[in-house]
Amino acid sequence: MINLLNPVFTNNILPFILAGYAISILVVVIMIVLENRSPLKTISWVLVLLLLPGLGFIFYIFFGQNFRKEKIIARKGLRNHHRINYLAHSQITQLADGILSKNDIAREPTGIVRLLLNNSSSVVTTGNDVTFLNNGTDKFEALIRELKKAEQFIHLQYYIFAEDNIGNQVREILKDKARRGIEVRLIVDDVGSWELKSSFFEEMRDAGIEVYSFLQVHFPLLTSKVNYRNHRKIVVIDGHIGFIGGYNIADRYKDGDVNSYGIWRDTHIMIKGDAVNSLQSIFLIDWYFVSQTELSDLKYFPQSEAVGDKTMQIVASGPDSDWPAIMMGIFQAIVTARDYVYIATPYFMPSESVLLALKTAALSGVDVRIIIPEKSDAFITLLCSRSYIREILEAGVQVYFYQKGFLHSKTLVADDRICIVGSANMDFRSFEQNFEATAFIYDKETGRQMKETFLQDQADSEIILLPEWIDRPFLEKVKESFARLFSPLL
C-alpha cells in the first residue's frame, strides 16, 4: 500500500499525479468548449469540474457527453422510418398549397404544424378521438380493459414497470394474451426499471412475450449511456388504440404515497384514429434498436376510418434527433399565444429560450400560469425549480404550488387551440437528453377541456405572491441558487 505521507511519494510522485489530473481536466474543459453547447451548460460543467475535484470528472464521463450528433439509435436500413419521412415532407408541400387548411389547422397553429413536420417528421393526422385520463384509477382501468380486447398485437413501452399489484396484473394479462397467440412486445428502460428481477422478465419470455431493456447498463459505474434514458410511455393495441402521457406501470401512480407527498396527480390520454400509427412508428423505431428486428408488415399500420374530429401530431425527440423537437414546439406555442398559456409540470428547469418565451409572453399581456408541486420526489430538482420562480413572478407569470399531492402532469394549453400532453417535463433532461414522446392536439373542444382541468388543479393549489416569495429565509435562497448551477445536469 502506498504511504501518502512518505516524503518520497510526496516529493517525487504526487506532483506528477496532480499534473496529470490538471491536464486531464484541461482537456475535458477544452472538449466541452469545442462542443459549442449553450454557454449556461458549458459553464455549469466547468464549475462541476472545478468545484468537485475528481468526482466532477467522473460525473462528466458518465453524464456529460453529448451523443446527439452520434445518433445513439442507428436508423440505417429502417424502411418504415423513410416512409414516415416521405409522408411528412409531402405534407409540408400540401400545407404550402393550402390543402391542409381544414379544422383551422392552417389559419391558427400552422407555424407549429410546419415546425414539427420539419424538425421531427411528425405526421399530421385528422379524424382522431382523444379521451383524457386524469387519475391512476381511470388510466389503469382503461388500459386493462383495452389490453383484454387485443386480438392481433400489443406493443408497450414504459420507463418504469414495477413488480407490484398493478405491474403483476398487467403482466398476467400480457402472458395470457401471448399464450393465445397474440403478439406481445415490451420495452422497459433499463435504469427506470432497475429494481425488476430477471425472473420477472423470464416468466414473460416463457409465456411468449418479447421483452427488451432499453440501453442496458451492465456496469452502472462504467457506462456513459446511463444518462440517456427512454422516458416514453407508449401503448399500441391492434393499431387502433393508443396510450401516451405521464403514467408508468406501478401502484404509486394509482394510489400515491400518503406518507410522503399524498396522491399522484398525472395526465394520460387514450387515442383512437390514425394518430395511433404515429405512436406505432415511434415504438417500432425503438424496437428496431433494441431487437435489430424491423416490423414493417402493413398489419401494424391499419387504416382507420374517422372516429372523431381531433387533429394532432405525435412528436418524438431524444439524443437521436437532429433537433430538440418537443422543446421547440413548446417554445412556439408560448410565443404565438394571444390570450393565455397554462402549464403544469412536476419539474420546472426550462431552457433559456423557453424561460425567455414565458417572460416575454407575460410581459406582452398574455395570461401565463404555471402549476408545480409543493412537494417533490426529488429534493435537488425541487430546489432548482424554485430558483426560477422569482424572475418569472417579476415578469407577471402566475405560479401555483399544488397542495393535494405530487403533480406529475406534463401539459400545456394555449388559447383553447393547442394542447400538449406527453412524457416530457419542462427541464433540460426531457428537452435534450431523454427519449420522449408528446402529443400536440389542435382542437378547441379539447383545449377547453384541458383548460378546465388546469383550473381544477389551480383550485387545489396555493398561489405564490412575489413579496412573500422575496421575504423568505436567506438560507433557502442560497440552497436554491446553488442547486440551479446544476440545472443543465439534472
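Once a new chain begins, its residue numbering starts again from 1 and follows that chain's sequence as written. Side-chain atom pairs in this predicted model are given and counted only at pLDDT of 80 or more, local residue features only at pLDDT of at least 70, and totals for whole chains, interfaces and linings cover all residues. As a convention, hydrogens and water are excluded, and side-chain values are obtained from all of the structure's heavy atoms.

A. Layout of the overall build of the chain. The way it works is that DSSP assigns letters per residue, a run of H or I at least four long becomes a helix, a run of E at least two long becomes a strand, and they are numbered from the N terminus. Helix and strand counts for the chain stand at 18 helices and 19 strands. Burial classification: accessible surface area is computed with a 1.4 Å probe over protein chains only, and a residue below 20% of its type maximum counts as buried, one above 50% as exposed, and the rest as partly exposed. Buried positions account for 56% of the 490 residues belonging to the chain. Residue contacts are counted whenever heavy atoms from the two residues lie within 4.5 Å of one another. Of the contacts formed within the chain by residues at least 6 apart in sequence, a portion of 81% connects residues at least 24 apart. Under the convention used here, a 1.4 Å probe and the Shrake-Rupley method define accessible areas, while residue burial counts only the protein chains that appear. For the chain, the computed accessible surface area is about 21,400 Å², with 56% contributed by carbon and sulfur atoms.

B. Representation of the confidence of the model for the chain in the model. pLDDT measures how confident the predictor is about each residue, on a scale from 0 to 100. Averaged over every residue, the pLDDT of the chain is 83; residues scoring 70 or more account for 74%. Every residue in residues 220-225 scores below 50 in pLDDT, and together they form 11 contacts with partners more than four places removed in sequence or on other chains.

C. Up close: the pattern of salt bridges. Between Lys or Arg on one side and Asp or Glu on the other, a salt bridge is scored when a side-chain nitrogen of the former is within 4 Å of a carboxyl oxygen of the latter. Taken as a whole, this structure holds 24 salt bridges when the rule is applied. For Arg369, the salt bridge identified is with Asp367, shortest N-O distance 2.9 Å. The class for Arg369 is buried, based on a relative accessible area of 15%. A cluster of three or more residues bridged by salt bridges with shared partners is formed by Arg171, Glu172, Lys175 and Glu203.

D. Structural detail: the packing of helix α11 (residues 325-335) against helix α12 (residues 352-363). Packing of α11 against α12 brings their axes to within 9 Å, and their N-to-C directions diverge by 10 degrees. Considering the angle they form, α11 stands roughly parallel to α12. Counting all contacts with α11, which are made through Met327, Phe331, Ile334 and Val335, the residues of α12 involved are Ser353, Val354, Ala357, Leu358 and Ala361. Gly is placed with the polar residues, together with every amino acid not listed as nonpolar (Ala, Val, Leu, Ile, Met, Phe, Trp, Tyr, Cys and Pro) or charged (Asp, Glu, Lys and Arg). In the contact of α11 with α12, the residues fall into 8 nonpolar, 1 polar and no charged. Axis definition: a line fitted to C-alpha atoms, limited for helices to the stretch in contact. Angles are taken between N-to-C directions and run from 0 to 180 degrees. Roughly parallel refers to an angle under 35 degrees, roughly antiparallel to one over 145, roughly perpendicular to one between 65 and 115, and oblique to any angle outside these ranges.

E. Here's a closer look at the nonpolar core. Residues Phe161, Leu174, Met204, Phe243, Ile334, Leu358 and Leu412 are the most contacted members of the largest nonpolar core, which totals 92 residues. Apart from residues no more than four positions distant in its own chain, Phe243 is found in contact with Leu133, Ala142, Leu143, Glu146, Lys233, Ile234, Val235, Ile237, His268, Ile269, Met270 and Leu279. With 41 residues, the next largest nonpolar core counts Tyr342, Tyr402, Ile441 and Phe454 among its residues. Grouping buried Ala, Val, Leu, Ile, Met, Phe, Trp, Tyr and Cys residues that are joined through side-chain atoms within 4.5 Å yields what is termed a nonpolar core.

F. Quick peek at the environment of Thr126. Turning to its location among the elements, Thr126 is positioned in strand β1 (residues 124-133). Put simply, Thr126 and Asp309 are 183 residues apart on the chain and 6.6 Å apart in space, counted from C-alpha to C-alpha.

G. Up close: the packing of aromatic side chains. Two rings from Phe, Tyr or Trp (for Trp, the six-membered ring) form a pair when their centres sit within 6.5 Å of each other. Planes less than 30 degrees apart are called stacked, planes more than 60 degrees apart edge-to-face, and all others tilted. Applying the stated criterion to the full structure yields 15 aromatic pairs. Each ring, one from Phe214 and one from Phe435, has its centre 5.0 Å from the other, and the planes form 70 degrees; the classification is edge-to-face. Note that Phe214 is positioned in strand β4 (residues 210-214) and Phe435 in the loop between α15 (428-433) and β18 (436-442), a separation of 221 residues in sequence. For Phe435, a relative accessible area of 0% translates into the label buried. Centroid distance Phe401 to Trp469: 5.9 Å. Interplanar angle 80 degrees. Geometry classified as edge-to-face. Residue Phe401 is found in strand β13 (residues 398-402), and its partner Trp469 is found in helix α17 (residues 466-470); the two are separated by 68 residues along the sequence. On the basis of relative accessibility, which here comes to 4%, the residue Phe401 falls in the buried class. A relative accessible area of 7% means that Trp469 is categorised as buried. An aromatic cluster of three or more residues is present, and its members are Tyr253, Trp264, Tyr347 and Phe406. Any Lys NZ or Arg CZ found within 6 Å of a ring centre and within 35 degrees of that ring's normal is scored as a charge over the ring. The cationic tip of Arg472 hangs over the ring face of Trp469; the distance from NZ or CZ to the ring centre is 3.6 Å.

H. Quick peek at the packing of helix α13 (residues 379-386) against helix α18 (residues 474-484). Put simply, α13 and α18 touch, their axes get as near as 7 Å, and they point 100 degrees apart. Of the possible angle classes, the one that applies to α13 and α18 is roughly perpendicular. Residue-level contacts link Ile380, Leu383, Cys384 and Arg386 of α13 to Lys479, Glu480, Ala483 and Arg484 of α18. Among the residues forming the contact of α13 with α18, the class breakdown is 4 nonpolar, no polar and 4 charged.

I. Structural detail: a nonpolar patch on the surface. The grouping of Phe474, Leu475 and Val478 at the surface amounts to a nonpolar patch, some 330 Å² of accessible area in total. On the secondary structure map, Val478 appears in helix α18. Patch construction takes residues with relative accessible area above 30% that form no salt bridge. Like charges are linked within 9 Å, and nonpolar side chains (Val, Leu, Ile, Met, Phe, Trp, Tyr) are linked within 5 Å.

J. Main features of the side chain of Lys410. Tracing the backbone shows Lys410 in the loop between β14 (405-407) and β15 (411-414). Asp266 is the oppositely charged side chain nearest to the buried, salt-bridge-free Lys410, at an N-O distance of 5.5 Å. Of the polar contacts made by the side chain of Lys410, one reaches the side chain of His408; its length is 3.3 Å. Each polar contact in these results corresponds to two N or O atoms within 3.5 Å; when the atoms are within protein, one needs to be able to donate a hydrogen and the other to accept it, and residues that are neighboring in sequence are counted only if both atoms are side-chain atoms. Here Asn425 takes part through its side chain, which lies 2.5 Å from a polar atom of the side chain of Lys410. In this structure, Lys410 is in contact with His231, Gly246, Ala344, Pro346, Ile420, Val421, Gly422, Ser423, Ala424 and Asn425, ignoring residues within four places of it in sequence. Asp and Glu are treated as the negative residues and Lys and Arg as the positive ones, with His and the ends of the chain left uncounted.

K. A look at the pairing of β15. Burial along β15 is two-sided: the residues Thr411 and Val413 and Leu412 and Ala414 are all buried. Pairing of strand β10 (residues 340-344) with β15 involves 4 bridges; the strand directions are antiparallel. The residue bridging Tyr342 from the neighbouring strand is Val413, located in β15. The hairpin turn running from β15 into strand β16 (residues 418-422), its antiparallel successor, is 3 residues long, and Asp415 in that turn takes a positive phi close to 55 degrees. Should DSSP find at least two bridges between two strands, the strands are regarded as paired.

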